[in-house]
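So the chains spell out like this:
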Amino acid sequence: MPKRKRKQREHTEDWQMIQQYTLWPEQTAYELLRPLVLFGDPAGKRTQETGAAESTLDRKADAFDEEGMTSLFASKPRKQP
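Residues numbered from 1 in each chain as written. Predicted model: local features only at pLDDT ≥ 70, side-chain atom pairs only at ≥ 80, totals over all residues. Heavy atoms only, no water.

1. What to know about the environment of Lys-45
Logical step 1: By the element assignment, Lys-45 lies in helix H3 (residues 43-50).
Logical step 2: The exposure class of Lys-45 is partly exposed, given its relative accessible area of 40%.
Logical step 3: Spatially, the C-alpha atoms of Lys-45 and Tyr-30 are 16 Å apart, while their sequence positions differ by 15 residues. (Helix = DSSP H or I, 4+ residues; strand = E, 2+ residues; numbered from the N terminus. Buried < 20%, exposed > 50% of the residue type's maximum accessible area, 1.4 Å probe, protein only.)

Okay, here's the thing in structure tokens:
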């Protein structure tokens, strides 16, 4: 049996754990918005879970609805460490 390429982890909705697992700022941004755009959760609920501003979550979710994944990327590419 071939060795796994990626470490297998338990599924979680715990924001603190998710932040530890993300590798890229865009991935973190998507995980922040995912419950809003995928499940239709209210921004206020996600605000309580993450500490992000409700107005920011609403604005970013609207941008995601209009632009898709492109909205998660900065207008200028960032240098990676």
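2. A short note on the packing of aromatic side chains
Logical step 1: Evaluation of the coordinates by the stated rule reveals one aromatic pair.
Logical step 2: Taking the ring centre of Tyr-21 as reference, the NZ or CZ of Arg-9 above it sits at 4.1 Å. (Phe/Tyr/Trp six-rings, centres within 6.5 Å; stacked < 30°, edge-to-face > 60°. Lys NZ or Arg CZ within 6 Å of the ring centre and 35° of its normal.)

3. Some remarks on the layout of surface pockets
A water-sized probe rolled over the atoms picks out the places where empty space is left.
Logical step 1: Here the largest pocket is characterised by a volume of approximately 480 Å³.
Logical step 2: In terms of lining, the largest pocket is formed by 15 residues, of which the most central are Arg-9, Glu-10, Tyr-21, Gln-27 and Glu-31.
Logical step 3: Listed by contribution, the elements that provide at least two residues to the lining of the largest pocket are helix H1 (15-21) and helix H2 (25-39).
Logical step 4: Looking at which element gives the most residues to the lining of the largest pocket, the answer is H2, with three residues.
Logical step 5: Of the residues in the lining of the largest pocket, the class split is three nonpolar, five polar and seven charged.
Logical step 6: Considered as a void within the structure, the second largest pocket measures approximately 180 Å³ in volume.
Logical step 7: Forming the walls of the second largest pocket are Thr-28, Ala-29, Leu-32, Leu-33, Arg-59, Lys-60, Ala-63, Ser-71, Leu-72, Phe-73 and Ala-74.
Logical step 8: Elements supplying a minimum of two residues to the lining of the second largest pocket: H2 and helix H4 (54-67).
Logical step 9: Per-element accounting of the lining of the second largest pocket gives the leading share, four residues, to H2. (1 Å grid on protein atoms, 1.4 Å probe; cavity = no way out; pocket = protein on both sides within 12 Å on 5 of 7 lines; lining within 4 Å. Points joined across faces, edges and corners; volume = space filled by probe spheres on them. Nonpolar A, V, L, I, M, F, W, Y, C, P; charged D, E, K, R; others polar.)

4. Topic: a negative patch on the surface
Logical step 1: A cluster of acidic side chains, namely Glu-54, Asp-58, Asp-62, Asp-65, Glu-66 and Glu-67, defines a negative patch on the protein surface.
Logical step 2: Here Glu-54 is to be found in helix H4.
Logical step 3: The exposure class assigned to Glu-54 is partly exposed, which follows from its relative accessible area of 42%. (Patch = residues over 30% accessible without salt bridge, like charges linked within 9 Å, V, L, I, M, F, W, Y side chains within 5 Å. Areas by Shrake-Rupley, 256 points an atom, 1.4 Å probe, with all protein chains shown as cover. Salt bridge = Lys/Arg side-chain N within 4 Å of Asp/Glu carboxyl O. Lys, Arg positive; Asp, Glu negative; His and termini not counted. Charge placed at Lys NZ, Arg CZ, Asp CG, Glu CD.)

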